[in-house]
Amino acid sequence: MMLWDLWKKGFDAWEDATARYLEAVLKTSAVLVPSGALLSAILKLKAERERMTAQLWGALGLPSRRDQERMLHLLNQLQSRITDLELTMQQQRGRGTEPERMLENRSN
Amino acid sequence: MTQSIASNDSKRIWNLLGLPFRKKPLVGVSPSDVVHHENKWRLIRYRSRPEGLAFRTPVLLVPSLINRHYVLDLMPGKSLAEYLVAQGHDVFVLDWGTPENEDRYLTFDDICDRYLGRALRLTSAYSERNQAHVLGYCMGGILTAIHTAARPGRVASLVQLAAPVRFHDDGLLSAWMRTPSFDVDTMIAAYGNVPWQLMQSAFHLLRPTLSLSKAVGLLDRAWNDEFLDGFFALETWGNDNVSLPGEFFRRFARMYRDDDLVRNAMTLGGDPVHLADIRCPFLAVTFEHDNIVPWRSAAEVMTLISSEDKQHIHLPGGHVGAVVSKSAARGLWPQISGFWAQRDR
């Protein structure tokens, strides 16, 4: 057991020193700039592929994935606005929201 | 003593051999009800203790968007929400849910103004003063600070848990986000939402030796069943990440790169956001060994707000461990509960 404790102490010291060293390395511009550029290049390729696929669907007169996503998002926004309206109407009618009604009932 | 060490050793071996068959820990199990849901997000209210509430002002917990909300209700005995309920608080948590492809168009204003605003409005409606205490954790803290600065009306008090406000710090995340060759717009064009896999890889790189260190820690304390349950609960949570809405991230990244919060260059729904407009009772909690949010970048908020009633607690520990550990149950949680208890009306 003492052997394990000794090894563990050594490991902790090594881990801490290595983590600090790697953090310093990962922060240098020599690592960051090329990594960022490589990632961006891969992403650009993927974005271009997405754009071309969307164009192909468009040419066939079909909605692209992006079109469908936009439509679903608009539906979500619409639902959110309806919720806004419902809550405003409840307040204007003096009924309050569900919890407000609960509070009202409690005080009555 | 020798007998106890031998017993621990045999338990360690037994537990290690049984790891593949170990029951998965139950996470996020405090009794609760969904009081509102909209798009993917939900407002959850924890059921109060049998003897009823002890405080009149409800509490809204706002976690980060990139992790699951149940870090604040990890498992029985390691749950901030459970502790607060036991103290008599009326506790709500905002579960941001899982964004789908169409949510790439959700903007910063949609999330920080509309959704957070609605959650706050619904929570505060449960109090007679029409306000709620708000706690923001990590990225959730950035959102709560911005929301409180622009829309202070319903915030009774604000607790910022490891939430950065100065983004130009000496941390790795800050260095990566500010790398000019990293093109955020291209990433959003390519993926729509920021994939959780990409974010998880980035977080792993914050401490590349962490996986090895965790494995050694597991070997070291495998004899302790309580430790193993906590370890696997935290691992379950740590590997249960969600993607980030693309448009939201575009604005978030710009705020990060330009340090918009401290420069007063941020807006919410068209209104300027000045942290100096935060005047409510305020508590900032920072952690000494936080390698995700360097504590100085979170503590900076103390110099930027106008609250006269403000406190800063600086604790040992890391970004997650210090919030869900046993020491949190003895130190951090009672301090947070006490802060709200003193300001209850």
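Model, not experiment: these values are computed from the prediction.

How each quantity is defined
- Residues numbered from 1 in each chain as written.
- Chains lettered and ligands numbered in written order.
- Predicted model: local features only at pLDDT ≥ 70, side-chain atom pairs only at ≥ 80, totals over all residues.
- Heavy atoms only, no water.
- Helix = DSSP H or I, 4+ residues; strand = E, 2+ residues; numbered from the N terminus.
- Buried < 20%, exposed > 50% of the residue type's maximum accessible area, 1.4 Å probe, protein only.
- Pairing = 2+ DSSP bridges.
- Polar contact = N/O pair within 3.5 Å; in protein donor to acceptor, adjacent residues only side chain to side chain.
- Contact = heavy atoms within 4.5 Å.
- 1 Å grid on protein atoms, 1.4 Å probe; cavity = no way out; pocket = protein on both sides within 12 Å on 5 of 7 lines; lining within 4 Å.
- Points joined across faces, edges and corners; volume = space filled by probe spheres on them.
- Nonpolar A, V, L, I, M, F, W, Y, C, P; charged D, E, K, R; others polar.
- Core = buried A, V, L, I, M, F, W, Y, C linked by side-chain atoms within 4.5 Å.

**A short note on the overall build of chain A**
Move 1: Counting secondary structure elements, chain A contains four helices and zero strands.
Move 2: Burial statistics for chain A: of 108 residues in total, 23% are counted as buried.

**Looking at the pairing of strand 9 (residues 282–287) of chain B**
Residues and elements named next belong to chain B.
Move 1: In terms of residue burial, strand 9 counts as a mostly covered element, since six of its six residues are buried.
Move 2: Alternating positions in strand 9 separate into two faces, Phe282, Ala284 and Thr286 on one and Leu283, Val285 and Phe287 on the other, with burial throughout.
Move 3: Where strand 6 (residues 155–161) and strand 9 come together, four bridges link them in parallel fashion. Within the sheet, the bridge partner assigned to Leu161 lies in strand 9 and is Val285.
Move 4: Relative to strand 10 (residues 310–315), strand 9 runs parallel, the two being bridged by six bridges. Paired with Phe287 across the bridge in strand 10 is Leu315.

**What about the side chain of Ser64 of chain B?**
Residue and element names in this part refer to chain B.
Move 1: Within the fold, Ser64 resides in the loop between strand 3 (59–62) and helix 2 (80–87).
Move 2: On the basis of relative accessible area, Ser64 is assigned to the buried category, the value being 4%.
Move 3: There is a polar contact of 3.2 Å between the side chain of Ser64 and the backbone nitrogen of Ile66.
Move 4: Discounting residues that sit within four places of it in the chain, Ser64 has contacts with Trp96, Tyr137, Cys138, Met139 and Gly140.

**Focus on empty space enclosed by the protein**
Residue and element names in this part refer to chain B.
Move 1: This structure, assessed with the given rule, holds four cavities of 30 Å³ or more.
Move 2: In terms of lining residues, the largest cavity is bounded by 15 residues, among which Trp96, Pro99, Leu106, Ile111 and Pro245 are the most central.
Move 3: When the residues that make up the lining of the largest cavity are grouped by side-chain class, the tally is nine nonpolar, four polar and two charged.

**Details of the nonpolar core**
All names here are of chain B.
Move 1: Grouped together as the largest cluster of nonpolar side chains are 68 residues, with contacts concentrated most on Ile146, Phe249 and Leu261.
Move 2: Sort the elements by how many residues they give to this core and helix 3 (residues 108–124) lands first, with eight residues.
Move 3: If near-sequence neighbours (up to four positions away) are discounted, Leu261 is found in contact with Ile142, Ile146, Val165, Phe167, Met255, Met266, Val273 and Leu275.
Move 4: Judged by nonpolar contacts, the second largest core, of 39 residues, contains Val91, Cys138, Val324 and Leu332.

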